[in-house]
Protein chains: 2
Amino acid sequence: MPTSEDENQYFKHTASESEFLRWYRAQHPSIDRSPLLTVDDVLISYRKKEDELKLLLIQRDTHPFKGSWALPGGFVLPKEAMETCCIRNTFEETGVQLTRTDIEQLYCFSEPDRDPRGWVVTVSYLAFIGKEEPLTKGKEARNACWFTLKRVNNHLILTYQDIRIELDLVTKRSIGEDRLAFDHDQIILTAYERILHQMYNNPRILLVLGSQFTISEARKVFAQILGIDFRLIDHSNFKKSMLKYFKEIGESPTGIGRPSKIYQLEKPSGSIL
Amino acid sequence: MPTSEDENQYFKHTASESEFLRWYRAQHPSIDRSPLLTVDDVLISYRKKEDELKLLLIQRDTHPFKGSWALPGGFVLPKEAMETCCIRNTFEETGVQLTRTDIEQLYCFSEPDRDPRGWVVTVSYLAFIGKEEPLTKGKEARNACWFTLKRVNNHLILTYQDIRIELDLVTKRSIGEDRLAFDHDQIILTAYERILHQMYNNPRILLVLGSQFTISEARKVFAQILGIDFRLIDHSNFKKSMLKYFKEIGESPTGIGRPSKIYQLEKPSGSIL
DNA sequence: TCAATAGTGTCTCTCAGACAATATGAG
DNA sequence: CTCATATTGTCTGAGAGACACTATTGA
């Protein structure tokens, strides 16, 4: 039973959240018998200039969680592979174009009450963006923004202008005023743990540096992840331990100080873990 | 539209597979628009007497893949958490009782054509069984058997009586006559890779030894996973590197040779990776 | 020239692996 | 006693971390 576009718009945007939920559940009578499947994408990038990690969030303009910030993602189309869905949704909502090798599966979240609309199961993916593309407004006209991601002690802090979202690594909960939609705080924390664990054996996180980078840039990315001053990571030791993952491709004559060599990631090696 | 039990039985057991599939898809008209969600469980145990790893498989007595061997698992009930489903299904089909801390999520498999019935997405779980409980015939009367699991070179070999299923670790494909149902070969290979990767940092695999074990028993389990003679693993070095995960709880006066000490796993530590 | 940055070299400590020596119990 | 099995100890080489030194460029 297709609904009129007007009705759709009204409930998604204008109605109250409880009105919306009543309407939505009437539209999907089977939602408590058979799950809806969604994909959520954790996209990480890094700006060399500002030495800041970024995480892509969109502001929801529809119920539920209207106005809240959330990970990009959405419903899987009929018989669509999850990876395809992840790539499609990311492009539609943010303009960022991914490929299959960019993304790695993170975790399936399936708590029955994680979505107020009913039974919605999500599979989360993680990707590192090397070249930060301009963000476009998706067809759903959602705002997509790169939030700054910082670790301070046992907290992850996401900021964009005056918005500040804080996640506790120990209790795995959000803290403070601004909250993320759904259980996206848990998804982000899971992504963070994944990055932390694979840093030294499979430093995919360095894909945020794009096709080439210097040792010091890599050190800075590591320091951002760990939430420490990059000078605490010894240049010499870091180089020794990471060189097996790098390939030297040239020398950079730019900037102050002794010119640094330029490296590539040897093999971005699909996520083994 | 509920169907009669007779009709159900006929199509699941007596009809041809193609007849069954036509009927099944008619019963689930939305199967190509909205996915069905299943859980598949990789259960591993170990028999000290025979020094053999075991993997639990059930023989399907219904279409599709009637007669083939498959992982235990099944459809998630309305608004049921996946973990609950995993535990429930395993008990129903095999009589093995798990708890939440026993299981760890493995991967979500979602290739659109992985199930001939239509769009069926599965989340796989991995568990290590310390005490091998007697297998009971589930309500679906499926045969549940512990297959012997051996690694030989780059193959995993599952055997039970005259049944021999061979999986290639490199190509990630089944080889030979006997094949597993669905993409369960891939699920088992994914589980094997997970075990291999977490062996030295989080040896959950040793949960197959139950509440207490000796160093040599742990060595033997490791050797089985690696597919090598256990004497190739130096007792002294192995002990040194693993002792941080063990707690000494006594001495075993039984058997030939110098009595060995008995250990427990320090903290079975939920799967970090 | 100095400050800033990056590359190189050295020393130590730890840990894994190879291997030797010792302890215990069954036969 | 001998053999099988476990434990304990020693030696060495690789790698991580602390730290000192050298090289190159801009101001």
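No experiment lies behind these values; they were computed from the predicted model shown.

**Q** Provide a residue-level description of helix α2 (residues 17–27) of chain A, including the pertinent values.
**A** Residues and elements named next belong to chain A. Three or more residues of α2 are buried, namely Phe20, Leu21, Trp23 and Tyr24. Down the axis, α2 shows its buried residues gathered within 170° of arc, on one side only. Among the exposed residues of α2, those oriented more than 90 degrees off its buried face are Arg22 and Ala26. For α2, the elements touching its buried residues are α1 (5–14), β1 (36–47) and β4 (73–75).

**Q** Requested: an account of the pairing of strand β8 (residues 155–160) of chain A, with residues and values cited.
**A** Residues and elements named next belong to chain A. Across five bridges, the pairing between strand β7 (residues 143–152) and β8 is antiparallel. Along β8, the bridge assignment pairs Lys150 with Ile157. Counting the residues in the hairpin turn of β7 and β8 gives two residues, including Asn153, whose phi is positive at 55°. Hairpin remark: β8 followed by strand β9 (residues 163–168), antiparallel, with two residues in the connecting loop; positive phi at Gln161, about 50°.

**Q** An account of the protein's contact with DNA strand D is needed here, citing residue identities and associated values.
**A** Of all residues adjacent to DNA strand D, which total 20 residues, the nearest are A:Asn237, A:Arg258, B:His235, B:Ser236 and B:Lys239. Of all DNA strand D atoms lying within 4 Å of any protein atom, the proportion belonging to sugar or phosphate reaches 59%. Sorting the residues of the surface near DNA strand D by element identifies α6 (235–242) of chain A together with α6 (235–242) and β12 (260–265) of chain B as the ones contributing at least two each.

**Q** Could you give an account of the pattern of salt bridges, naming the residues involved and the relevant values?
**A** What the rule picks out here adds up to 26 salt bridges over all chains. Across the pair A:Arg114 and A:Asp183 runs a salt bridge, and its minimum N-O distance is 2.8 Å. Here A:Arg114, found in the loop between β5 (103–109) and β6 (120–128), pairs with A:Asp183, found in the loop between β10 (173–175) and α4 (184–198); they are 69 residues apart in sequence, far enough to count as distant. Residue classification places A:Arg114 among the buried residues on the basis of a relative accessible area of 8%. On the basis of relative accessible area, A:Asp183 is assigned to the buried category, the value being 11%. Salt-bridge contacts for B:Glu80 lead to B:Arg88; the nearest nitrogen and oxygen are separated by 2.7 Å. One connected set of salt bridges, linked through shared partners, spans A:Asp40, A:Arg114 and A:Asp183.

**Q** If you had to explain the packing of helix α5 (residues 215–226) of chain B against α6(B) to someone new, which residues and values would you point to?
**A** All names here are of chain B. The N-to-C vectors of α5 and α6 enclose an angle of 95°; their axes lie 10 Å apart at closest approach. When the axis of α5 is compared with that of α6, the two are roughly perpendicular. Contact with α5, carried on its side by Ile215, Ser216, Ala218, Arg219 and Phe222, involves His235, Phe238, Lys239 and Met242 of α6 and no other residues of that element. Looking at the contact of α5 with α6 residue by residue, the classes come out as five nonpolar, two polar and two charged.

**Q** Tell me about the relation of the copies chain B and chain A, and please be specific about residues and values.
**A** After a rotation of 180° and a shift along the axis of 0.0 Å, chain B superposes on chain A with an RMSD of 0.0 Å. Taken together, the rotation angle and the small translation identify this as a two-fold axis. Interface residue correspondence from chain B to chain A reaches 100%, placing this contact among same-surface, isologous pairings.

**Q** An account of the protein's contact with DNA strand C is needed here, citing residue identities and associated values.
**A** Taken together, 21 residues lie near DNA strand C, and A:Ser216, A:His235, A:Ser236, A:Lys261 and B:Asn237 sit nearest. A share of 60% of the atoms of DNA strand C within 4 Å of the protein falls on sugar and phosphate groups. The separation between a phosphate oxygen of DNA strand C and a polar side-chain atom of A:His235 is 2.5 Å. At a separation of 3.0 Å, a phosphate oxygen of DNA strand C approaches a polar backbone atom of A:Lys261. Among the secondary structure elements, those contributing two or more residues to the surface near DNA strand C are α6 and β12 (260–265) of chain A together with α6 of chain B.

Cut-offs used in this document
Residues numbered from 1 in each chain as written. Chains lettered and ligands numbered in written order. Predicted model: local features only at pLDDT ≥ 70, side-chain atom pairs only at ≥ 80, totals over all residues. Heavy atoms only, no water. Buried < 20%, exposed > 50% of the residue type's maximum accessible area, 1.4 Å probe, protein only. Helix = DSSP H or I, 4+ residues; strand = E, 2+ residues; numbered from the N terminus. Arc of directions from axis to C-beta. Contact = heavy atoms within 4.5 Å. Pairing = 2+ DSSP bridges. Near = heavy atom within 4 Å. Salt bridge = Lys/Arg side-chain N within 4 Å of Asp/Glu carboxyl O. Axes fitted to C-alpha atoms, helices over the stretch in contact; angles between N-to-C directions. Parallel < 35°, antiparallel > 145°, perpendicular 65-115°, else oblique. Nonpolar A, V, L, I, M, F, W, Y, C, P; charged D, E, K, R; others polar. Least-squares fit on C-alpha atoms with pLDDT ≥ 70 in both. Polar contact = N/O pair within 3.5 Å; in protein donor to acceptor, adjacent residues only side chain to side chain.

Read these as geometric descriptors, not functional statements.
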